[in-house]
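Spelled out from the first residue to the last, the chains are:
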Amino acid sequence: MGLFARWKSRLKPGAVGADCVLLWLLWLSVEQQAAKGSQINALFGVTYNSTVNAENETIYAFNHTVSRNQTDGVRVWVNLQSENPKSPVLVVVRQKQAVLSFQVPLILRGYQRKYQYTQVGRTLCQPPTHGMSENQLFYVDVSTLSIFGISYQLRVSHVESFTLLTNTKFSFTATPSQPQYFKYVFPDGVDTVIVKVNSQITFPCSVMSIQDIQCPVYDLDNNVAFIGMYQTMTTTAAITVQRKDFPSNSFYVIVVVKTEDEACGGPLKFYPLLPGYPEVYIFGMLFCFGIFLSFYVLTVTARSSECAGRSRQESLSSVEEDDYDTLADIDSDKNIVRTKKFLCVSDLARKDKRVLSKKYQIYFWNIATIAVFYALPVIQLVITYQTVVNVTGNQDICYYNFLCAHPLGPISSFNNILSNLGYILLGLLFLLIVLCREIIHKRALFRNDLAALECGIPKHFGLYYAMGTALMMEGILSACYHVCPNYTNFQFDTSFMYMIAGLCMLKLYQKRHPDINASAYTAYACLAGVIFFSVLGVVFGKGNTAFWIVFSVIHILATLLLSTQLYYMGRWRLDSGVLRRMVYIIYTDSIRQCSGPMYIDRMVLLVMGNIVNWSLAAYGLIERPNDFASYLLAIGICNLLLYFAFYIIMKLRSGERIKCFALVCILFTAVIWGFALFFFFQGLSTWQKTPAESREHNRECILLSFFDDHDIWHFLSSIAMFGSFLVLLTMDDDLDAVQRDKIYVF
């Protein structure tokens with residue numbers, strides 16, 4: 001009709017004859033169409049056996065009386081008798097104010113397969129009546145595009161007990177392709193009812209739904225959850241319904257049987273991969289395992305001679321946490337020692353090594369406990385997300401790179417999960433390397449080796465174990481995030497990144513400050529505060545000026561407090577007189593005596609750190625970036641890089657050198673980080689925008705037709721983090737033969 005109007009509006013004067021031609025052609029087409037089909041005045045309760053093909057369709061006309069005071073349900077049942085038809089049979093029910101259509105076989109989607117049903121039964125939605133009673137005519141059209149005849153059975157019947165009665169039970173049968181629904185009208189004086197449905201068998205899984213009286217009625221497994229209230233059920237379901245929620249004082253009760261029982265706790269059938277499954281999956285998995293297992297081969301080759309055996313380890317069972325500061329000589333002179341102008345490692349490595357080993361092992365056990373309690377609910381949540389995506393088919397829930405998303409079973413983007421394997425394998429490899437080093441060190445201590453007892457940076461391995469565990473957990477949680485990447489679970493991908501950045505800074509500080517490094521409880525409490533602010537920023541930080549003001553003030557105050565703590569080596573008090581003492585020191589040292597800071601090196605680092613952090617705080621307050629989690633991570637990384645650069649510079653300035661292996665690791669890691677960041681900033685999707693806008697950033701696979709840019713970021717960043725850990729582990733190996741009273745603290 002619209003096309004005809006537009007065509008007619010372009011006609012020139014004198015072209016009216018074309019209208020007549022078009023009308024005649026349309027009339028001829030209608031007549032020919034009518035000649036192709038046949039109409040039957042059909043009766044209720046009669047089963048019609050017939051055959052339909054592309055050249056002949058059948059129209060069944062039904063007439064029945066509808067009363068305003070009584071609702072009679074009408075049900076259409078179709079059974080396909082031909083086996084494996086090339087084309088489905090289309091059934092269209094045309095009513096006065098509603099249309100219902102379905103195909104036979106009816107195809108319903110499960111998790112890993114589709115189900116076909118050759119018997120379909122549907123209840124018709126009843127249109128309202130204007131008079132006390134009226135005759136209503138409706139038609140059932142049966143057609144197909146198959147050139148071969150398809151045999152079928154059709155029956156239209158009235159539904160017994162279509163209107164439910166209070167406190168009256170009745171039985172019925174339903175299947176996935178033959179759902180049932182009934183009507184309930186609130187009696188006078190009744191405002192609340194409980195609708196109960198019972199099944200004699202636990203499975204199949206079913207759904208009971210309460211919907212308003214309107215057409216269409218959503219009574220299939222793939223749409224029953226669209227409107228109204230619903231519950232899944234095995235043997236029992238009950239929904240409380242109130243009159244005030246339904247203006248018509250009535251509602252439909254729908255019972256739908258699901259195609260699979262997984263939603264009700266039943267087993268999910270597994271269908272193995274087809275024999276011709278794409279080889280790209282196999283190549284992708286072999287590539288991923290091969291590239292990271294090669295690091296194991298290189299490590300075993302390089303260190304096989306160093307870890308030939310394991311020595312008897314010294315027991316720490318008699319050392320308690322309360323023993324940390326029980327040495328009287330340390331209590332008496334630590335103020336003198338820590339305020340010396342030039343400190344050596346021996347000044348800050350005076351505590352019993354057993355006490356410190358016990359203290360730093362707590363880092364590992366705490367992060368292992370945190371990992372378990374954090375990861376388990378995360379895994380449960382993302383599985384729920386993936387299930388919702390599979391059940392509803394809503395592709396806007398998860399922000400994938402849809403141009404390179406390779407599904408595997410119920411997982412929508414397997415390649416983004418597989419590429420996180422490097423974090424896990426390389427984290428485990430780092431733990432094995434640390435274990436090997438610890439074994440060698442304990443063997444030296446057992447032999448009373450003078451170099452192990454009095455030379456080099458004190459060997460404490462607890463933080464290294466915590467770093468390796470954090471790297472493994474980053475891989476697990478990043479994989480969980482990529483099951484369904486979106487706004488609400490982005491913190492899963494960043495939480496252990498904060499942990500890694502914090503642990504690396506603590507390890508750098510611990511190298512030359514073993515006696516005064518933060519305890520595990522304090523460190524993890526601070527990291528928990530960081531994650532807490534990360535969650536607040538993701539939820540409330542977008543465009544919220546008040547939040548950014550509060551966060552910037554806290555950021556600056558924390559920077560000042562930490563700077564003071566580091567500058568005075570913990571020998572200061574935070575009390576009511578702290579401001580008075582600060583003003584006094586500034587006046588006496590800087591104004592009255594014009595003397596510079598006592599600890600020049602520390603002051604340089606802290607001034608640079610304050611400039612960087614104040615700049616980041618100002619940037620956040622002015623720009624208010626939408627991705628607060630990444631902004632917070634950038635703060636941690638900038639401080640880590642600043643401290644690392646300061647450490648390297650001071651190490652070289654103190655006359656120390658960097659061994660060849662550590663230097664190669666530094667250069668190799670820097671190059672890998674550069675390439676990794678290039679792929680990270682490609683931005684293949686972003687949950688900061690709508691799903692439609694995010695898909696504008698999607699790109700094709702670039703590696704093995706299986707991995708995208710973000711997968712390569714996972715590969716390279718896991719290698720870069722592993723390399724960074726090796727740098728921290730080996731950068732002071734040149735000091736293993738140097739007395740600790742000749743190693744400077746900075």
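One can find the structure itself at the top, above this paragraph.
Let me sum up the structure you'll find in this document. Numbers given to residues run from 1 along each chain, matching the order in which its sequence is written. In keeping with the model being predicted, local features are shown solely for residues with a pLDDT of at least 70 and side-chain atom pairs are shown and tallied solely at 80 or more, while totals for entire chains, interfaces and linings include all residues. Side-chain calculation: all heavy atoms of the structure are included, whereas hydrogens and water are not.

1. Some words on the overall build of the chain
Starting at the N terminus, helices and strands are each numbered in turn, a helix being any DSSP run of H or I of at least four residues and a strand any DSSP run of E of at least two. Within the chain, the secondary structure is distributed over 18 helices and 18 strands. Exposed residues in this analysis have more than 50% of their type's maximum accessible area, buried residues have under 20%, and partly exposed residues fall in between, with area computed by a 1.4 Å probe over protein chains only. In the chain, which comprises 746 residues, the proportion classed as buried is 45%. Note on contacts: a residue pair qualifies if any of its non-hydrogen atoms lie within 4.5 Å across the two residues. For the chain, contacts bridging at least 24 residues in sequence account for 79% of all contacts bridging at least 6. The Shrake-Rupley method, run with a 1.4 Å probe sphere, supplies the accessible areas, and residue values consider only the shown protein chains as cover. For the chain, the exposed surface amounts to about 38,800 Å²; the carbon and sulfur share of it is 62%.

2. Some details on helix 15 (residues 628–653)
To estimate the expected span of a helix, count its residues, drop one, and scale the result by 1.5 Å. Relative to the 38 Å expected for 26 residues at 1.5 Å per residue, helix 15 spans 37 Å between its end C-alpha atoms, a close match to the ideal helical length. After helix 15 finishes, the residue Gly655 shows a positive phi value of roughly 85°.

3. Here's the deal with the packing of aromatic side chains
For Phe, Tyr and Trp, rings pair up if their centres lie within 6.5 Å, where Trp contributes its six-membered ring, and each pair is then called stacked (planes under 30 degrees apart), edge-to-face (over 60) or tilted (otherwise). Applying the stated criterion across every chain, the model contains 49 aromatic pairs. Consider the rings of Tyr184 and Phe186, whose centres lie 5.7 Å apart with planes at 80°: the pair is edge-to-face. Both residues of the pair, Tyr184 and Phe186, belong to the buried class. Among the aromatic residues, those joined into a cluster by ring pairs are Phe532, Phe533, Phe547, Trp548, Phe551, Tyr619, Phe628 and Tyr631. Here, a charge over a ring means that NZ of Lys or CZ of Arg falls within 6 Å of the ring centre while also lying within 35 degrees of the ring normal. Note that Arg155 overlies the ring of Trp77, its terminal NZ or CZ placed 4.4 Å from the centroid. Geometry around Tyr464 places Lys507 over its ring, the cationic atom sitting 4.1 Å from the centre.

4. Things to note about helix 12 (residues 545–567)
Helix length check: helix 12 (23 residues) gives 33 Å between terminal C-alpha atoms against 33 Å at 1.5 Å per residue, within 8%. Of all the positions in helix 12, only Phe547, Trp548, Phe551, Ser552, His555, Thr559, Ser563 and Tyr567 are classed as buried. Those residues of helix 12 that are buried lie in contact with helix 11 (520–540), helix 14 (600–623) and helix 15. The backbone nitrogen of Ala546 lies 3.2 Å from a side-chain oxygen of the residue at the head of helix 12, namely Asn544. Under the rule applied, a polar contact is a pair of N or O atoms within 3.5 Å (in protein, one hydrogen donor and one hydrogen acceptor; residues adjacent in sequence only if both atoms are side-chain atoms).

5. A few points about unusual backbone geometry
With an omega of 5°, the peptide bond running from Val104 to Pro105 counts as cis. For Pro105, the position within the fold is in the loop between strand 6 (99–104) and strand 7 (106–109). In the segment running from Cys215 into Pro216, the intervening peptide bond is cis, with an omega of 0°. With phi around 60°, Asn167 is a residue other than glycine that occupies positive phi space. With respect to the helices and strands, the residue Asn167 is situated in the loop between strand 12 (163–164) and strand 13 (180–185). Look at Arg624: it is not a glycine, yet its phi comes out positive at around 50°. One can find Arg624 in the loop between helix 14 and helix 15. The partly exposed category is assigned to Arg624, whose relative accessible area is 28%.

6. Observations concerning the nonpolar core
The set of buried Ala, Val, Leu, Ile, Met, Phe, Trp, Tyr and Cys residues whose side-chain atoms join them within 4.5 Å is what this entry labels a nonpolar core. Tyr363, Leu503 and Tyr524 are the most contacted members of the largest nonpolar core, which totals 113 residues. Discounting chain neighbours no more than four positions away, the residues touching Tyr524 are Tyr363, Asn366, Ile367, Ile370, Ala466, Met499 and Leu503. In terms of nonpolar packing, the next biggest core, distinct from the first, is built from 29 residues, Val52, Val78, Leu100 and Phe102 among them.

7. Regarding the sheet that holds strand 2 (residues 47–52)
With antiparallel pairing, the four strands of this open sheet are ordered in space as 2-11-4-9. The open sheet has two edge strands, strand 2 and strand 9 (119–123), and neither has a second partner. Averaged over all neighbouring strand pairs, the angle between strand axes comes to 20°, with direction disregarded. Note on pairing: two strands pair once DSSP finds at least 2 bridges between them. With five bridges connecting them, strand 4 (residues 73–80) and strand 9 associate as antiparallel partners. For Val76, the partnering residue across the bridge sits in strand 9 and is Arg122. Convention adopted: a line fitted to C-alpha atoms gives each axis, helices being fitted over their contacting stretch, and angles between N-to-C directions are expressed from 0 to 180 degrees.

8. So, the side chain of Ser82
For Ser82, the position within the fold is in the loop between strand 4 and strand 5 (89–94). Within the local environment of Ser82, its side chain forms a polar contact with the backbone nitrogen of Ser151, the two atoms lying 2.7 Å apart. Apart from residues lying up to four places away in sequence, Ser82 is in contact with Gly149, Ile150 and Ser151.

9. Structural notes on the sheet that holds strand 3 (residues 58–67)
Strand order in the open sheet formed by five strands is 1-3-10-5-6, with mixed pairing between adjacent strands. Since the sheet does not close on itself, it has two edges, and those belong to strand 1 (38–41) and strand 6, each with one partner. Here the strands of the sheet are splayed against their neighbours by 20° on average, with no regard to which way each runs. Examined bridge by bridge, strand 5 and strand 6 share six bridges and lie antiparallel to one another. Paired with Val91 across the two strands is Phe102, which belongs to strand 6.

10. Concerning the packing of helix 9 (residues 462–483) against helix 18 (residues 709–730)
Following both chains from N to C, one finds helix 9 and helix 18 inclined at 170°, their axes separated by 11 Å at the closest point. Judged by the inter-axis angle, helix 9 sits roughly antiparallel to helix 18. Each of Tyr464, Met467, Gly468, Leu471, Ser478 and His482 in helix 9 lies in contact with helix 18, whose residues at this interface are His710, His714, Met721, Phe725, Leu728 and Leu729. A class-by-class count of the residues in the contact of helix 9 with helix 18 yields seven nonpolar, five polar and no charged. Oblique is the label for any angle not under 35 degrees, not over 145, and not in the 65 to 115 range, which are roughly parallel, roughly antiparallel and roughly perpendicular in turn. Following the grouping adopted for this structure description, the nonpolar residues are Ala, Val, Leu, Ile, Met, Phe, Trp, Tyr, Cys and Pro, the charged ones are Asp, Glu, Lys and Arg, and the polar ones are all others, Gly among them.

11. Focus on the side chain of Asp708
If you trace the backbone, Asp708 turns up in the loop between helix 17 (691–694) and helix 18. Arg699 is the oppositely charged side chain nearest to the buried, salt-bridge-free Asp708, at an N-O distance of 9.8 Å. A polar atom in the side chain of Asp708 sits 3.1 Å from the backbone nitrogen of His710. Neither His nor the chain termini are counted; the positive set is Lys and Arg, and the negative set is Asp and Glu. Whenever a carboxyl oxygen of Asp or Glu lies within 4 Å of a side-chain nitrogen of Lys or Arg, that contact is scored as a salt bridge.

12. Brief notes about the pairing of strand 4
Counting buried positions along strand 4 yields eight of eight residues, so the element is predominantly enclosed. Every second residue of strand 4 is oriented toward a common face, with Gly73, Arg75, Trp77 and Asn79 on one face and Val74, Val76, Val78 and Leu80 on the other, all of them buried. In this structure, strand 4 lies alongside strand 11 (residues 150–159), joined through eight bridges in antiparallel fashion. Bridging from a neighbouring strand, Gly73 pairs with Val159 of strand 11.

13. As for the state of the cysteines
Disulfide: a covalent bond formed between the sulfur atoms of two cysteine residues. Any two cysteine sulfur atoms within 2.5 Å of one another count as a disulfide. Tallied over the full model, the rule gives four disulfides. With its sulfur 1.8 Å from that of its partner, Cys205 forms a disulfide with Cys264. Note on the Cys205 and Cys264 pair: the S-S dihedral is about 50°, so by sign convention the disulfide is right-handed. Linking Cys205 in the loop between strand 14 (192–198) and strand 15 (206–212) with Cys264 in the loop between strand 18 (250–257) and helix 3 (279–303), this pair joins segments that are 59 residues apart in sequence. Assigned by exposure class, Cys205 and Cys264 land together as buried.

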